[in-house]
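Tertiary structure, described
Each chain, letter by letter, is given below.
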Amino acid sequence: MKSKNTYALPLKKDIIFLAISDPRAHYSHWKHAIDFLIDFDVSILATLDGDIVDVKDDSKKGGDDKKYANIKYQNFITIKHTNNEYSQYGHIAHKSSLVKIGDKVKKGDPIAKGIGIIGYTTTPHLHMMVTVIKDNEVGFESLEIQFEKKIRIIRTPDEHNKELSKPKHRLLRELEKRYNSLN
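The shown structure was predicted, so the numbers you read here are calculated from the model rather than taken from an experiment. (Residues numbered from 1 in each chain as written. Predicted model: local features only at pLDDT ≥ 70, side-chain atom pairs only at ≥ 80, totals over all residues. Heavy atoms only, no water.)

1. Observations concerning the nonpolar core
Counting residues in each nonpolar core, the largest one holds 40 residues, and the members touching the most others are F36, I44, I77, I111 and F147. Elements represented by at least two residues in this core include exactly β2 (18-20), β3 (34-37), β7 (76-80), β10 (110-112), β12 (126-133), β13 (140-147) and α2 (170-182). Sorting elements by how many residues they give to this core places β12 first, with 4 residues. When near neighbours in sequence (up to four residues on either side) are disregarded, F36 contacts L9, P10, L11, I16, L18, A19, H125, L126, M128, F147 and I151. (Core = buried A, V, L, I, M, F, W, Y, C linked by side-chain atoms within 4.5 Å. Buried < 20%, exposed > 50% of the residue type's maximum accessible area, 1.4 Å probe, protein only. Helix = DSSP H or I, 4+ residues; strand = E, 2+ residues; numbered from the N terminus. Contact = heavy atoms within 4.5 Å.)

2. Comments concerning unusual backbone geometry
Positive phi, close to 60°, is recorded for N83, a residue that is not glycine. Position of N83 relative to the elements: it lies in the loop between β7 and β8 (86-90). Not every positive phi belongs to a glycine, and K95 is a case in point at roughly 55°. Summarising the element assignment, K95 is placed in the loop between β8 and β9 (104-105).

3. Digging into the packing of aromatic side chains
Evaluation of the coordinates by the stated rule reveals 2 aromatic pairs. Where F36 meets F147, the ring centres are 6.3 Å apart and the plane angle is 85°; that geometry is what we call edge-to-face. In this pair, F36 is assigned in strand β3 and F147 in strand β13, connecting sequence segments 111 residues apart. A residue is classified by how much of its surface remains accessible, and F147, at 15% relative accessible area, is buried. With a centroid separation of 4.9 Å and an interplanar angle of 80°, the aromatic rings of Y68 and Y73 are classed as edge-to-face. (Phe/Tyr/Trp six-rings, centres within 6.5 Å; stacked < 30°, edge-to-face > 60°.)

4. Considering the pattern of salt bridges
Summed over all chains, the structure comprises 8 salt bridges. Between D103 and K100 there is a salt bridge whose closest N-O contact spans 3.1 Å. The partner of R152 in a salt bridge is E163, with the nearest N and O atoms 2.8 Å apart. Of this pair, R152 sits in the loop between β13 and α1 (157-164) while E163 sits in helix α1, and the two are 11 residues apart along the sequence. Within the structure, one salt-bridge network assembled from shared partners comprises R152, E159 and E163. (Salt bridge = Lys/Arg side-chain N within 4 Å of Asp/Glu carboxyl O.)

What follows is the structure, given as structure tokens:
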């Protein structure tokens, strides 16, 4: 199911290295989530007007260990929009939130200072999804996000590997090496 709302990108478009929705990581209730591979210290922006309904930015830990999937290691911001849709932004850096519960935001407002190696992650990225509340085991269903601007979303591992091998992604490969050296 597609979102009823149309969303802006959560970052300036020229900052995004790749946008990926890998079915190995995003399945079931998370199947429409998108990972924006970006550098650290890149401002995260509200994708649509709304109300901040949840903020957690107290975790300092993360990495490629399933223990980091536990909510205590997650950092995120959730915004409620019209049509009872919610956008959520994950892997935000420790204490980087610029908003608090109850704040109203406009599309394009900065909501976080950047991402971190927070929660269960194999590479530095901003995890974004749009959901609606559902009566199921997790309490929500992800929606296919309709964006204002056309973006290419990589959906297969082969496509991801082929794209990463291109010379233009040298900086992204260096970022991934830097991340891997931290672990």
